[in-house]
Amino acid sequence: MPNASSWSASSPLLLLWEDSSGTRIFLSLLYAVLAISGTLSNVMVIYLVFSFKKLQTTSNAFIVNGCAADLSVCALWMPQEAVLGLLPPNSSSLRSAEYRLLRGGLLGLGLTVSLASHLLVAFNRYVLITKLPSVYQALYQRRHTGCMIGLSWALALLPVPLLPGLWTLGSAQSDGSSRYTALLLALAVLGQTALLLHCYLGIVRRVRGSAKRVSVLNFHLLHQLPFPAAPPPPRRAQRRLSSVSVLLLCCVFLLGTQPLVWVSLLGFFLRPAPPALQAASWLLLCSLSALNPLLYTWRSEEFRRAARSVLPRGEGPAA
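Residues numbered from 1 in each chain as written. Predicted model: local features only at pLDDT ≥ 70, side-chain atom pairs only at ≥ 80, totals over all residues. Heavy atoms only, no water.

A.B. asks: Run through the overall build of the chain, naming residues and quoting values.
C.D. replies: Along the chain, the regular secondary structure elements total 13 helices and 0 strands. What you see in the chain, going N to C, is helices and strands ordered as α-α-α-α-α-α-α-α-α-α-α-α-α. Taking all 319 residues of the chain together, 44% fall into the buried category. Contacts in the chain between residues at least 24 apart in sequence constitute 77% of all its contacts with a sequence separation of at least 6. Surface summary for the chain: the accessible area is close to 16,600 Å², and the carbon and sulfur share equals 70%. (Helix = DSSP H or I, 4+ residues; strand = E, 2+ residues; numbered from the N terminus. Buried < 20%, exposed > 50% of the residue type's maximum accessible area, 1.4 Å probe, protein only. Contact = heavy atoms within 4.5 Å. Areas by Shrake-Rupley, 256 points an atom, 1.4 Å probe, with all protein chains shown as cover.)

Printed below as a string of structure tokens:
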């Protein structure tokens, strides 16, 4: 019977072979729910941005890039995990190295581009709010924006030629290679999180210190609103609401990423965490792929109006 390290090398998200069928069925159902909800929400955001010209902004381009990456996780990878969790432990699909490599590639590609898109959105908003408009316009020209998006995919595809060698090494020395891989992953996510928090906390400081730009922090470009803006609330209440929005986004992001970071660091420097804790930390990270569309659009009146116009109930009021 395979041990914990060999199972984690083949599929880090499902639990051990020894786990009960009830646990495996529960995880499969959870993956199925995340796959369906995440696919629908990501496709919806992509469709709205491409259908409504007023939504085609630089910030939304990075959001769409993240949604496309999240579809790799929600629409391609999660359904496979949901099905594999229902298969018997001795299934040939679970033991195929090529198939495990394909699943790992889909997961790694989607998560890498998704995390990079988080950082691109945060930096875009940081420059928009804290720098001069001329600086923002010079930095975020269409060509530069396309290069940033292409670079996020290039960085995610860069390790692909190394995957077969790393996988072979992992089968021979599963303990050593998996520990160093987990360490690199933890350090990469930790660095990305530090940069993202720097951007958003810089936005909060700027908004609190400048009454002129308080209205900008609604997570979309107000000067491109296609609808008349409502009367602004009092400045103090608006600053509080904007700060809460930023802090809520940061808290959700930290909740999804940091458990895996600290579980990986714990396994490298001290001792491996229990398999159930490893699985839970991976599951939280992957659940961000289903939550990202809501995180970036729930405060945007543009997206809400556009969504109401395409839904059956919204056809009458929108017309």
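A.B. asks: Any chance you could break down the UniProt feature "transmembrane region" (unreviewed entry) in the chain for me, citing the residues and the numbers?
C.D. replies: The UniProt feature table records "transmembrane region" (unreviewed entry) at residues 25–50, 62–80, 100–123, 144–162, 182–203, 244–270 and 276–298. For residues 25–50, helix accounts for 100% and strand for 0%, while the C-alpha atoms at its two ends are 37 Å apart. End C-alpha to end C-alpha, residues 182–203 measures 32 Å, and it is 100% helix and 0% strand. (UniProt positions renumbered as here; feature names shortened; annotations may be inferred.)

A.B. asks: Any chance you could break down the packing of aromatic side chains for me, citing the residues and the numbers?
C.D. replies: Taken as a whole and judged by the stated rule, the model has 3 aromatic pairs. Relative to tyrosine 140, the ring of phenylalanine 62 has its centre 6.0 Å away and its plane inclined at 70 degrees; by these criteria the two rings are edge-to-face. With phenylalanine 62 in helix 3 (residues 58–84) and tyrosine 140 in the loop between helix 6 (133–139) and helix 7 (142–157), this pair connects stretches of sequence that are 78 residues apart. Phenylalanine 62 sits in the buried class, given a relative accessible area of 1%. We classify tyrosine 140 as buried; its relative accessible area is 6%. Pairing tyrosine 136 with tyrosine 140 gives two aromatic rings, centres 5.0 Å apart and planes at 35 degrees, and the pair type is tilted. The pair formed by tyrosine 136 and tyrosine 140 is uniform in burial state, with each residue classed as buried. In this structure an aromatic cluster arises from ring pairing among Phe62, Tyr136 and Tyr140. (Phe/Tyr/Trp six-rings, centres within 6.5 Å; stacked < 30°, edge-to-face > 60°.)

A.B. asks: Explain the nonpolar core to me, and be specific about the residues and the numbers.
C.D. replies: By size, the foremost hydrophobic cluster in this structure holds 60 residues, and its most contacted members are Trp77, Met78, Leu107, Leu111, Tyr200 and Tyr296. Those elements that place two or more of their residues in this core are helix 2 (21–51), helix 3, helix 5 (97–130), helix 9 (174–209), helix 10 (235–269), helix 11 (275–297) and helix 12 (301–310). (Core = buried A, V, L, I, M, F, W, Y, C linked by side-chain atoms within 4.5 Å.)

A.B. asks: Mind laying out the environment of leucine 139, listing which residues take part and the relevant values?
C.D. replies: Note that leucine 139 resides in helix 6. Taking the C-alpha atoms as reference points, leucine 139 and valine 127, 12 residues apart in sequence, are found 8.9 Å from one another. Not counting residues up to four positions away in its chain, the partners in contact with leucine 139 are Phe123, Val127, His144 and Met148.

A.B. asks: Mind laying out helix 7, listing which residues take part and the relevant values?
C.D. replies: Helix length check: helix 7 (16 residues) gives 23 Å between terminal C-alpha atoms against 22 Å at 1.5 Å per residue, within 8%. Listing the buried residues of helix 7 in full gives Thr145, Met148, Ser152 and Ala156. End-on, the buried residues of helix 7 take up no more than an arc of 70 degrees, which puts them together on one face. Of the exposed residues in helix 7, those oriented more than 90 degrees away from the buried face are Arg142, Arg143 and Cys147. Packing partners of the buried residues in helix 7 comprise helix 3, helix 5 and helix 6. (Expected span 1.5 Å × (residues − 1). Arc of directions from axis to C-beta.)

A.B. asks: Account for a nonpolar patch on the surface, with residues named and values stated.
C.D. replies: There is a patch of nonpolar side chains on the surface, built from Ile25, Leu29 and Leu86 and spanning about 300 Å² of accessible area. Along the polypeptide, leucine 86 turns up in the loop between helix 3 and helix 4 (92–95). A residue is classified by how much of its surface remains accessible, and leucine 86, at 56% relative accessible area, is exposed. (Patch = residues over 30% accessible without salt bridge, like charges linked within 9 Å, V, L, I, M, F, W, Y side chains within 5 Å. Salt bridge = Lys/Arg side-chain N within 4 Å of Asp/Glu carboxyl O.)

A.B. asks: Tell me about the pattern of salt bridges, residues and numbers included.
C.D. replies: Per the counting criterion, the structure on display carries 3 salt bridges. Across the pair arginine 308 and glutamate 301 runs a salt bridge, and its minimum N-O distance is 3.2 Å. On the accessibility criterion, arginine 308 (41% relative accessible area) is partly exposed. On the basis of relative accessibility, which here comes to 25%, the residue glutamate 301 falls in the partly exposed class. Overlapping salt bridges bring together Glu301, Arg304, Arg305 and Arg308 as one network.

A.B. asks: Just give me the short version of the side chain of asparagine 124, but keep the residues and values in it.
C.D. replies: Position of asparagine 124 among the secondary structure elements: in helix 5. Dropping the residues within four chain positions of it, asparagine 124 is found in contact with Thr58, Ser59, Phe62, Tyr136 and Tyr140.

A.B. asks: Before we move on, could you go through the packing of helix 3 against helix 7 and cite the residues and values that matter?
C.D. replies: Angle between the axes and distance between the axes: these two values describe a pair of packed helices. Relative orientation of the contacting elements helix 3 and helix 7 amounts to 20 degrees, with a least axis distance of 11 Å. By the angle class used here, helix 3 and helix 7 are roughly parallel. Judged by the twist between their axes, the crossing of helix 3 over helix 7 is right-handed. Counted together, Thr58, Ala61, Phe62, Asn65, Ala68 and Ala69 of helix 3 and Thr145, Met148, Ile149, Ser152 and Trp153 of helix 7 form the full contact between these two elements. (Axes fitted to C-alpha atoms, helices over the stretch in contact; angles between N-to-C directions. Parallel < 35°, antiparallel > 145°, perpendicular 65-115°, else oblique. Left-handed = near helix turned anticlockwise from the far one by under 90°.)

A.B. asks: Go over the environment of leucine 34 with me, naming the residues and quoting the values.
C.D. replies: Looking at the element boundaries, leucine 34 is found in helix 2. For leucine 34, a relative accessible area of 15% puts it in the buried group. Taking the C-alpha atoms as reference points, leucine 34 and proline 79, 45 residues apart in sequence, are found 9.1 Å from one another. Sequence-distant contacts of leucine 34, that is, excluding residues within four places in its chain, are made with Thr39, Cys74, Met78, Leu283, Ser287 and Ala290.

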